[in-house]
Amino acid sequence: MQEEAQATNAEVEAVKEEEANEEAVEELKEKIDALPAEEKYQEEIKLCENDLAILLKKIKGLDETQQKAKKKVGDILAFPDKLMEKVSNLKIVQNTLKLGKKGIPLADKALKKVDELLNKSTAIGSIVEVITGKKSRLQEKIEGFDQKLGKIQETFNAKTANLDNLKAELFKLVAEKTGLKGKLGQKVDDVKKVKAAVEDFITRHDIFDKKVKCPDKAELETKVEDLNKEQATIEPEAQQLEQELKEVAQQEEKQELETKEVEQEIEETTQKVEELKEEEKAIKEEFGKDVTLQPVQLEEWAESFEVKKALLGSRFSSR
């Protein structure tokens, strides 16, 4: 009797265990069935691809606009150095003019003109220095833009590659899900082992669920928009700089012309002074060494050169 009772209890326990295993298997089936369908993730990946495609157009637009701006700004950025070199050359010429020609010092009138030219050149040089500072800031902005755009492109490429990885991961998860459902549809000998496998699968599935939603896509969109606003300031700055450079170039051309005019004036005056010396020498030879020609002011001589002989004739005396 006791053996029969024990056998009966064993059968009851076996039945209970079997029922518990069946319940556990059903719970595992329900957990797997509760997971989102493959189509949901395919749609989310598709949406992410579409969003990234829109972003790619914006990124390409930024890059194309940047390349055009850099090409246009390239000549502008080199211009201030050329202007400064021209100013320096003008000042060298003007300082040389102050020394006079052929040992003949400048008259006050000519010296004043040269000093005025030097002051103008110094003022133009100061303007060019300010423009050079603006050029440097614009150059830094362009270089900074390039760096930011480069990082955005790297992030975008990483996201595109990540989508390919997500597709491959989804394929594996679907295959694994199908395999687990197949096992649960058959007699399960080791429920604990299958349960551990299902729970591990669900954990990895939840991680995939978070990754597939492009969580940091909004951050990338914000960076692209910010960069677009920054780029919008580059062209106006370049245009303003170009206008300022043109104005300075015009000032330099005028300054160069004025310098040539003064140089020509000094050359002519010097020539007249030399001719005066020759006339003095000729008179001394004619009237003797004891005849001295009274000095004539350079300005006066320059203004009355056409009647110099009459002046010379009335400006000598015997000692």
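Conventions adopted
Residues numbered from 1 in each chain as written. Predicted model: local features only at pLDDT ≥ 70, side-chain atom pairs only at ≥ 80, totals over all residues. Heavy atoms only, no water. Patch = residues over 30% accessible without salt bridge, like charges linked within 9 Å, V, L, I, M, F, W, Y side chains within 5 Å. Areas by Shrake-Rupley, 256 points an atom, 1.4 Å probe, with all protein chains shown as cover. Salt bridge = Lys/Arg side-chain N within 4 Å of Asp/Glu carboxyl O. Lys, Arg positive; Asp, Glu negative; His and termini not counted. Charge placed at Lys NZ, Arg CZ, Asp CG, Glu CD. Helix = DSSP H or I, 4+ residues; strand = E, 2+ residues; numbered from the N terminus. Axes fitted to C-alpha atoms, helices over the stretch in contact; angles between N-to-C directions. Parallel < 35°, antiparallel > 145°, perpendicular 65-115°, else oblique. Left-handed = near helix turned anticlockwise from the far one by under 90°. Nonpolar A, V, L, I, M, F, W, Y, C, P; charged D, E, K, R; others polar. Buried < 20%, exposed > 50% of the residue type's maximum accessible area, 1.4 Å probe, protein only. pLDDT = per-residue confidence, 0-100. Contact = heavy atoms within 4.5 Å. Phe/Tyr/Trp six-rings, centres within 6.5 Å; stacked < 30°, edge-to-face > 60°. Expected span 1.5 Å × (residues − 1). Arc of directions from axis to C-beta. Polar contact = N/O pair within 3.5 Å; in protein donor to acceptor, adjacent residues only side chain to side chain.

### As for a negative patch on the surface
Next up, step 1: A cluster of like negative charges, contributed by Glu22, Glu23, Glu27 and Glu30, occupies part of the molecular surface.
Next up, step 2: Mapped onto the secondary structure, Glu23 falls in helix H1 (residues 2-34).

### Some remarks on the packing of helix H2 (residues 38-98) against helix H3 (residues 108-184)
Next up, step 1: Orientation of H2 relative to H3, taken along the N-to-C sense of each, is 165 degrees, at an axis distance of 7 Å. As far as their axial angle goes, H3 and H2 are roughly antiparallel. H2 and H3 meet at a crossing whose hand is left-handed.
Next up, step 2: Among the residues making up the contact of H2 with H3, the classes are represented as 33 nonpolar, 11 polar and 13 charged.

### Brief notes about the pattern of salt bridges
Next up, step 1: The full count for this structure, using the stated rule, is 19 salt bridges.
Next up, step 2: Here Lys181 and Asp33 are joined by a salt bridge, their closest N and O atoms 3.3 Å apart. You can see Lys181 sitting in helix H3 and its partner Asp33 sitting in helix H1, a full 148 residues away along the chain.
Next up, step 3: Relative accessible area serves as the criterion here: at 42%, Lys181 is assigned to the partly exposed category.
Next up, step 4: For Asp33, a relative accessible area of 49% puts it in the partly exposed group.
Next up, step 5: Overlapping salt bridges bring together Lys40, Glu44 and Asp209 as one network.

### Notes on the confidence of the model for the protein chain
Next up, step 1: Per-residue confidence for the protein chain gives a mean pLDDT of 82; residues scoring 70 or more make up 83%.
Next up, step 2: The secondary structure element of the protein chain with the lowest average pLDDT is strand E2 (residues 316-318), at 39, and the one with the highest is H3, at 91.
Next up, step 3: For the stretch residues 295-319, pLDDT sits under 50, and the model shows 43 contacts to residues farther than four places along the chain or on other chains.

### A word on the packing of aromatic side chains
Next up, step 1: Tallied over the full model, the rule gives 1 aromatic pair.
Next up, step 2: On the basis of an interplanar angle of 75 degrees and a centroid distance of 5.2 Å, the ring pair of Tyr41 and Phe208 is categorised as edge-to-face. Of this pair, Tyr41 sits in helix H2 while Phe208 is found in helix H4 (residues 191-211), placing the two residues 167 residues apart along the sequence.
Next up, step 3: You can call Tyr41 buried: its relative accessible area is 1%.
Next up, step 4: By relative accessible area, which is 0% here, Phe208 ends up buried.

### Quick word on H4
Next up, step 1: Here H4 is 21 residues long and its end C-alpha atoms lie 30 Å apart, about the 30 Å a rise of 1.5 Å per residue gives.
Next up, step 2: Buried within H4 are the following residues: Val191, Val194, Val198, Phe201, Ile202, His205, Phe208 and Asp209. Down the axis, H4 shows its buried residues gathered within 120 degrees of arc, on one side only. When the buried face of H4 is taken as reference, the exposed residues oriented beyond 90 degrees from it are Lys192, Lys193 and Lys210.
Next up, step 3: Among the residues of H4, the N-terminal cap falls to Asp190, whose side-chain oxygen and the backbone nitrogen of Lys192 are separated by 3.4 Å.

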